[in-house]
Amino acid sequence: MEALIQTFFNPGIIVAAWPIVRAGLWNTVLLSLIVVPLGLLGGLILALLASVKTPAVRWPLMAWVDFFRAFPPLVLLILLFAGLPFAGLELGGFACVAVAFFLNTGAYYGEILRAGIDSVPAGQVEAARSTGLSRLQAMAYVVLPQAVRNVLPDLLSNTLEVVKLTSLGSVVAVPELLYQARQAQSITYNPTPIVVAAVIYFLMLWPVVRLLSRLENRALAGR
Amino acid sequence: MSFTETFFNGRVMLKYLPDILSGVVVTIELALLIIVTGIAAGLALALLRSLGVRPLNWLIIFIVDLFRSLPPLVIIVLIYFGLPSVNLSPSGFVSTWLSLAFVLMAFSEEIFWAGITSVARGQWEAARSTGLSFGQTLMSVVLPQAFRLTIPPLTNRTIAITKGTALGTVVAVTEILGQASSAVSNSYNPSPLMMGAAAYLVLFLPVVVAGRWIETRFAWKR
């Protein structure tokens, strides 16, 4: 037991590694604050396009969404990070993460928002239009608020996945929580910093998981 | 060099095609292992939970929450770089398999449990009153109804988690992305990466399209 604590929860190493890990924590929070809105924006664009019900828009859009849902996010990230420089375009780790998340998580957010928009009865749009609101106004003030409310658990669940996904940044040297923890691990020759990072992720995201679990149960009970 | 010569160089592609194909085999093996063990473990946990033993259920809920809140890459790194300190040295393949199987276990337990609880209480009581045992009720009455409800979310989760096999690259698993990356650094040419990307699309695009179909086919009629 003593040996296990020395290996995985070494107090001396926690103290020594804390400044490095803390910097990573802030970067993870910052990164999340950037990529979540970016993904939502991508999803909103896709969902709004999908509300145009002509086949000429619908099919290419579905292909786009399926394409990015089939592509593992890490593959997309590596493609941008290691492939683009050959075309003379060097984006840097952070920009690559931003673009990859916009494309990948945008596709997921797009599907959720589309389902939300579809869940709002057509009569709502007709009523809104008949009061003199333009198409865009009807969408922004009448349809979207209801759509978002209807799919709130799914949006939250996807956001949780997006925050977890920011750990991929470590692969392209973005100094987020996992990257910093691995740096600290290689300096101290001890896995304690990675355990600390895992504990931080857990403490940060556990309340969200609990909330989701409750929302899902309530949705089920209401059926 | 032209764009085609850089990104779709025939000579480079031909040379590294066998590597990419061996990567495809590893990815498929890893994916199947994760799916079978992860879903089986998830179902087992959900069935255990239906027994209604309080302390056991708290433990199950904690394990599920843990693997839902940790990023899969963190779990992989923890197993691969952490366990050698206690003289267990799982390979990259085993680390990736275990990590993603745990994650799938957690998500599928939640989905199976939601399915089981969605079957109305009265169904249990009615089945038991006809003389069926607890196990018989579960197998012949509850699970058949629960499974139908679980299929769409389970399919989507399984696809999303199986795509995580690419994370194995970080711990030196020779799956598609790993093979493609090392081929790029050996050939100084991005063509292998394009091949790898194409391989992922060939593998996962049919699954995503099938998932979409399953979602509408098994959709809960409201």
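About the cut-offs
- Residues numbered from 1 in each chain as written.
- Chains lettered and ligands numbered in written order.
- Predicted model: local features only at pLDDT ≥ 70, side-chain atom pairs only at ≥ 80, totals over all residues.
- Helix = DSSP H or I, 4+ residues; strand = E, 2+ residues; numbered from the N terminus.
- Buried ≥ 20, exposed ≤ 12 C-beta atoms within 10 Å, placed from the backbone.
- Contact = placed C-beta atoms within 7 Å.
- Rg over C-alpha atoms; globule rule 2.2 N^0.38 Å.
- Expected span 1.5 Å × (residues − 1).
- Axes fitted to C-alpha atoms, helices over the stretch in contact; angles between N-to-C directions.
- Parallel < 35°, antiparallel > 145°, perpendicular 65-115°, else oblique.
- Left-handed = near helix turned anticlockwise from the far one by under 90°.
- Nonpolar A, V, L, I, M, F, W, Y, C, P; charged D, E, K, R; others polar.
- Core = buried A, V, L, I, M, F, W, Y, C linked by C-beta atoms within 7 Å.

## Considering the overall build of chain A
Within chain A, the regular secondary structure consists of 10 helices and zero strands. Judged by the C-alpha coordinates and their principal axes, chain A covers about 70 × 50 × 25 Å. Counting across all 223 residues of chain A, residues that qualify as buried make up 40%. Counting contacts in chain A only where the partners sit at least 6 residues apart, residues at least 24 apart contribute 76% of the total.

## Some points on the overall build of chain B
Scanning chain B for helices and strands turns up nine helices and zero strands. Walking chain B from its N terminus toward its C terminus, one meets helices and strands in the order α-α-α-α-α-α-α-α-α. Its C-alpha atoms give chain B a radius of gyration of 22 Å, more than 25% over the compact-globule value 17 Å for 222 residues. For chain B, the spread of C-alpha atoms along the three principal axes comes to 75 × 45 × 25 Å. Within chain B, the fraction of its 222 residues that count as buried is 43%.

## Here's the deal with helix H3 (residues 55–70) of chain A
The end-to-end C-alpha separation of H3 of chain A is 22 Å, in line with the 22 Å expected for 16 residues at 1.5 Å each. Residues of H3 of chain A that are buried: Val 65, Phe 68, Arg 69 and Ala 70 of chain A.

## Side note on unusual backbone geometry
Residues apart from glycine generally show negative phi values, whereas peptide bonds are mostly found in trans. Residue and element names in this part refer to chain B. The phi angle at Asn 87 is positive, at roughly 60 degrees, despite the residue not being glycine. Structurally, Asn 87 is set in the loop between helix H4 (72–82) and helix H5 (92–118). A tally of 6 C-beta atoms within 10 Å means that Asn 87 is categorised as exposed. Its identity is not glycine, yet Tyr 188 carries a phi of approximately 50 degrees, on the positive side. Structurally, Tyr 188 is set in the loop between helix H8 (176–187) and helix H9 (191–217). Note on Tyr 188: 8 C-beta atoms within 10 Å, which makes it exposed.

## A few points about the packing of H3 of chain A against H9 of chain B
The geometry of H3 of chain A relative to H9 of chain B is characterised by a closest axis approach of 8 Å and an angle of 120 degrees between their N-to-C directions. Considered as vectors, H3 of chain A and H9 of chain B are oriented oblique to each other. In this structure, H3 of chain A meets H9 of chain B at a crossing whose hand is right-handed. Along the contact surface, H3 of chain A presents Asp 66, Arg 69 and Ala 70 of chain A, while H9 of chain B presents Tyr 200, Leu 201, Phe 204, Leu 205, Val 208 and Val 209 of chain B. Its residues assigned to classes, the contact of H3 of chain A with H9 of chain B comprises seven nonpolar, no polar and two charged.

## Thoughts on the interface of chain A and chain B
With 35 residues of chain A at the contact, the number on the chain B side is 37 residues. Elements represented by at least two residues in the side of chain A that touches chain B include exactly helix H1 (2–8), H3, helix H4 (73–83), helix H9 (177–188) and helix H10 (192–221) of chain A.

## Considerations on the packing of H4 of chain B against H5 of chain B
To describe two helices that pack against each other, one gives the angle between their axes and the distance between the axes. All names here are of chain B. At a closest axis distance of 9 Å, the pairing of H4 and H5 adopts a crossing angle of 135 degrees. Classed by the angle they form, the pair H4 and H5 counts as oblique. Relative to H5, H4 is oriented so that their crossing is right-handed. Residue-level contacts link Pro 72, Ile 75, Ile 76, Ile 79 and Tyr 80 of H4 to Gly 92, Ser 95, Thr 96, Leu 98, Ser 99, Leu 100, Phe 102 and Val 103 of H5. A class-by-class count of the residues in the contact of H4 with H5 yields nine nonpolar, four polar and no charged.

## What about the nonpolar core?
Most often, soluble globular proteins have nonpolar side chains that are buried together. In this structure, Val 75, Leu 77 and Ala 197 of chain A together with Val 74 of chain B are the most contacted members of the largest nonpolar core, which totals 114 residues. Among the elements that line this core, the one with the most residues is H5 of chain B, at 14 residues. Not counting residues within four places of it along the chain, the set of residues in contact with Ala 197 of chain A comprises Val 21, Leu 177, Leu 178 and Ala 181 of chain A together with Val 74 of chain B.

## Let's talk about H8 of chain B
Look at H8 of chain B: 16 Å from first C-alpha to last across 12 residues, which is about the 16 Å you get at 1.5 Å a residue. Of the surrounding secondary structure, the elements contacted by the buried residues of H8 of chain B are H4 of chain A together with helix H2 (10–50) and H9 of chain B. In the stretch just after H8 of chain B, Tyr 188 of chain B is the one whose phi turns positive, near 50 degrees.

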